[in-house]
Amino acid sequence: MSSKELSSEHKLVRVCLDNPFTDQKPGTSGLRKSTKHFQQSNYLESFVEAILQTLPGIEGGVLVLGGDGRFGNKHGIDVIIRMAAAHRVKKIITTVDGILSTPAASHLIRTEKAVGGIILSASHNSGGPDGDFGVKINGPNGGPAAESLTDAIYAKTTKLDQYLILNNESIPLDNPGTYSISTTNIEVINGIDAYVELMQKIFDLDQIRDFLSNDFLMAFDALNAVTGPYAIRLFEGLLGTPSGTVRNGVPLEDFGGCHPDPNLTYAKDIASLLLEGQDYAFGAACDGDGDRNMILGRKCFVNPSDSLALLTANATCAPAYSNGLVGVARSMPTSSAVDVVAKALGIDCFETPTGWKFFGNLLDSGQITLCGEESFGTGSNHVREKDGIWAVLFWLQILARKKCSVQTLMNQHWSRFGRHYYSRHDYESIASEKAQDLYTRVESLLPSIIGSSFASNKVAAADNFTYNDPVDGSITNRQGLRILLDDGSRVVLRLSGTGTQGATLRVYLERYISSNGNLTQDPQKALAELIQAIDSFAEITKRTGMKRPTVIT
Ligand code: G1P
Ligand code: ZN
């Protein structure tokens, strides 16, 4: 453990900005842009200055800092340490090699009573000099910054004329150590330890270990991103799975050229291993910064909406939830599979807009225990972010308790609750104006289609979703176009808020079949009529020229 006083080396520098930050507002996940965009001179520094001037309690407070290991991570940490020290932060907690997953950062912010955290990641977007970079800001509850905070940071960026930085030598990140610069202490810790301890408290790892040792072969793909070291420690270490269980387990700056998004398109290798091969009984993958998860069984893909429903129905299998759940929440486009389970359990089920920050109030006020999104995000009150590795362990815990296959578990679930056939179709990189025109046109037509036919049904309601936050009374409107049919089927349209190239149109399709209907169809077939109806109504193919979606989940 190194310990060093760096004070004699540093000098406070005021950098005057002749090119102040003039970019659009940061989105729900902070500021996410191409790496090249971030490399413009003073760009990162201007945004960081705005954060440090805006985040309450920075002077004399504790700041958590880390990232997903992508290109620019270590440089970003170096810049932020020097700027945070110039702003007289009392303590900066950062990690060896800068490796800190988003859920692990959330946990540290909470346990260290930090004023917030800065996570350097563009989540599931590709990395490297030709990929993307991002700066994500988390608040003192460990969750994504509230919109009021990101708005205030943005407002600050438009008025900046200088930033403060110390010109000290870089803090070494290759080993744990403590350092001090001026009035700031810097702790470089291992970013894996505290998270692993948290998982040991939530789950009965011995039970999982016994189950896995009984010929239940699993594979995990870290996609060369942040979860590798966490997964190796947990799966190959504490759970005793063979070495090599964790694939692509070393975080690489460009993620080995892959797109670290755990879905059937971008995580094809692990998907084929499970869906086409016979060897493995369980497979999983996480995204760049470790908050998303994909769950697979032998010849079985678990839709994330179903995953949330199944975890809710079987939550008491995990020690941390053995007393049951207080309530659950899902994002609006997520299927209603979890609603049916919540009803059977007699607990509340909330419907929030897309984005994890909306779960924060419900978690903080103790109204929900579990929550999730169709976009491969699942989480609980243990942190304030979605958590990929946690979801994988939760699935393993349930399998270990039930001693059955993933497919059997899903079949049993559907035969009890019915099945919500579900799919999301993404049309990526559409010219922004075309996408906006398509969306605005559909929005304007919604009132006129109520009562008319859509696929084989009638439109019962059609609107742009508004959320009334039950905790603070705030209202968030225009969160996605919904076409609700009289048999409970739905189509939802949204424009992505996280893409960096053009616009991405997301079409969410859902159809409910009760437990005595056909539960084993291919989802694309079960949804075929809805797919056709929305294409002709929204003129997707006609307006985008795209015959099929870029990604189908
Ligand atoms: C996407 C997902 C959303 C998730 C967000 C951050 O946002 O759809 O559920 O919260 O990434 O991981 P979108 O691009 O749809 O705005
Ligand atoms: Zn992510």
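A brief structural summary.

Quick notes on the rules
- Residue positions are given per chain, counted from 1 along the sequence in the order it is written.
- For naming, the first written chain is A and the first written ligand is 1, with later ones following in the order written.
- Two thresholds apply to this predicted model, a pLDDT of at least 70 for residue-level local features and 80 or more for giving and counting side-chain atom pairs, whereas whole-chain, interface and lining totals are computed over all residues.
- With hydrogens and water stripped out, all remaining heavy atoms of the structure feed into the side-chain values.
- If a single non-hydrogen atom of a residue is within 4 Å of a molecule or strand, that residue counts as near it.
- A 3.5 Å cut-off defines polar contacts: any pair of N or O atoms within that distance qualifies, except that in protein one atom must be a possible hydrogen donor and the other a possible acceptor, and neighbouring residues in sequence count only when both atoms are side-chain atoms.
- Per-residue and other accessible areas were derived by the Shrake-Rupley procedure at a 1.4 Å probe size, with only the shown protein chains allowed to occlude residues.
- Within 6.5 Å between ring centres, the rings of Phe, Tyr and Trp (the latter by its six-membered ring) count as paired, and their orientation is classed by plane angle as stacked under 30 degrees, edge-to-face over 60, tilted in between.
- Three labels apply to residues, based on accessible area from a 1.4 Å probe with only protein chains included: buried if under 20% of the type maximum, exposed if over 50%, partly exposed otherwise in between.
- The secondary structure listing takes helices from DSSP runs of H or I that are at least 4 residues long and strands from runs of E that are at least 2 residues long, numbered from the N terminus.
- Sitting over a ring, as applied to charges here, requires NZ of Lys or CZ of Arg to be within 6 Å of the ring centre and within 35 degrees of the ring normal.
- Comment: axis = line fitted to C-alpha atoms, over the contacting stretch for helices; angle = value between 0 and 180 degrees taken between N-to-C directions.
- Orientation categories follow fixed angle ranges, with anything under 35 degrees roughly parallel, anything over 145 roughly antiparallel, 65 to 115 roughly perpendicular, and all other angles oblique.
- Here a residue-residue contact requires only that any non-hydrogen atoms of the pair lie within 4.5 Å.
- Side-chain classes follow a simple rule in which Ala, Val, Leu, Ile, Met, Phe, Trp, Tyr, Cys and Pro form the nonpolar group, Asp, Glu, Lys and Arg form the charged group, and the remainder, Gly included, forms the polar group.
- By this definition, two strands are paired if DSSP reports at least two bridges between them.
- Here a donor is any nitrogen, oxygen or sulfur atom (N, O, S) within 2.8 Å of the metal, with 3.2 Å used for Na, K and Ca; water is not among the atoms considered, so some sites may look incomplete.
- Under this scheme a four-donor centre is tetrahedral when all angles range from 85 to 135 degrees, a four-donor centre is square planar and a six-donor centre octahedral when opposite donors are above 155 degrees with the rest from 65 to 115, and any other centre is irregular.

1. So, the site of ligand 1
- What surrounds ligand 1 is a group of 13 residues, the closest being Ser375, Ser496, Gly497, Thr498 and Arg506.
- Contact between ligand 1 and Arg292: an oxygen atom at 3.0 Å from a side-chain N or O atom of the residue.
- Within the side chain of Ser496, a nitrogen or oxygen atom sits 2.6 Å from an oxygen atom of ligand 1.
- Starting from 380 Å² of accessible surface for ligand 1 in isolation, the protein chains cover 95%.

2. Notes on the packing of aromatic side chains
- Summed over the entire model, instances satisfying the criterion amount to 13 aromatic pairs.
- Where Phe211 meets Phe216, the ring centres are 4.4 Å apart and the plane angle is 40°; that geometry is what we call tilted. Comparing Phe211 with Phe216, the two get one shared label, buried.
- Ring geometry for Phe358 and Tyr467: centres 6.0 Å apart, planes at 85°, overall edge-to-face. Of the two residues, Phe358 is situated in helix α12 (residues 357–364) and Tyr467 in strand β23 (residues 467–468); the sequence distance between them amounts to 109 residues.
- On the basis of relative accessible area, Phe358 is assigned to the buried category, the value being 11%.
- In this arrangement the basic side chain of Arg419 is found over the ring face of Trp414, its NZ or CZ atom lying 3.8 Å from the centre.

3. With respect to the packing of helix α13 (residues 388–402) against helix α14 (residues 406–417)
- Here α13 crosses α14 at 85°, and the two axes come no closer than 10 Å. Judged by the inter-axis angle, α13 sits roughly perpendicular to α14. Within the contact between the two elements, α13 uses Trp395, Ile398, Leu399 and Lys402 and α14 uses Val406, Leu409 and Met410.
- Considering only residue class, the contact of α13 with α14 consists of six nonpolar, no polar and one charged.

4. Considering the sheet that holds strand β25 (residues 481–485)
- An order of β21-β22-β25-β26-β27-β20-β28 is seen for the seven strands of this open sheet, with the pairing classed as antiparallel. Across the chains shown, the open sheet's two edge strands, defined by having one partner strand only, are β21 (453–454) and β28 (551–552).
- Across two bridges, strand β20 (residues 419–430) lies against β28 in antiparallel orientation. Residue pairing across strands places His425 opposite Ile552, the latter belonging to β28.

5. Quick notes on the coordination of the zinc ion (ligand 2)
- Bound to the zinc ion (ligand 2) on the protein side are Ser123 (OG), Asp287 (OD), Asp289 (OD) and Asp291 (OD), at distances that span 2.0 to 2.1 Å.
- Taken together, the four donor atoms coordinating the zinc ion (ligand 2) span angles of 88 to 164° at the metal, a pattern that classifies the geometry as irregular.
- Summarised as a motif, the one-chain spacing of the donors to the zinc ion (ligand 2) is S-x163-D-x1-D-x1-D. Of this pair, Ser123 sits in the loop between β6 (116–120) and β7 (132–138) while Asp289 sits in the loop between β13 (282–286) and β14 (293–297), and the two are 166 residues apart along the sequence. Here the two residues Ser123 and Asp289 agree in accessibility, since each one is buried.

Such coordinate-based values are descriptive only and should not be taken to indicate function.
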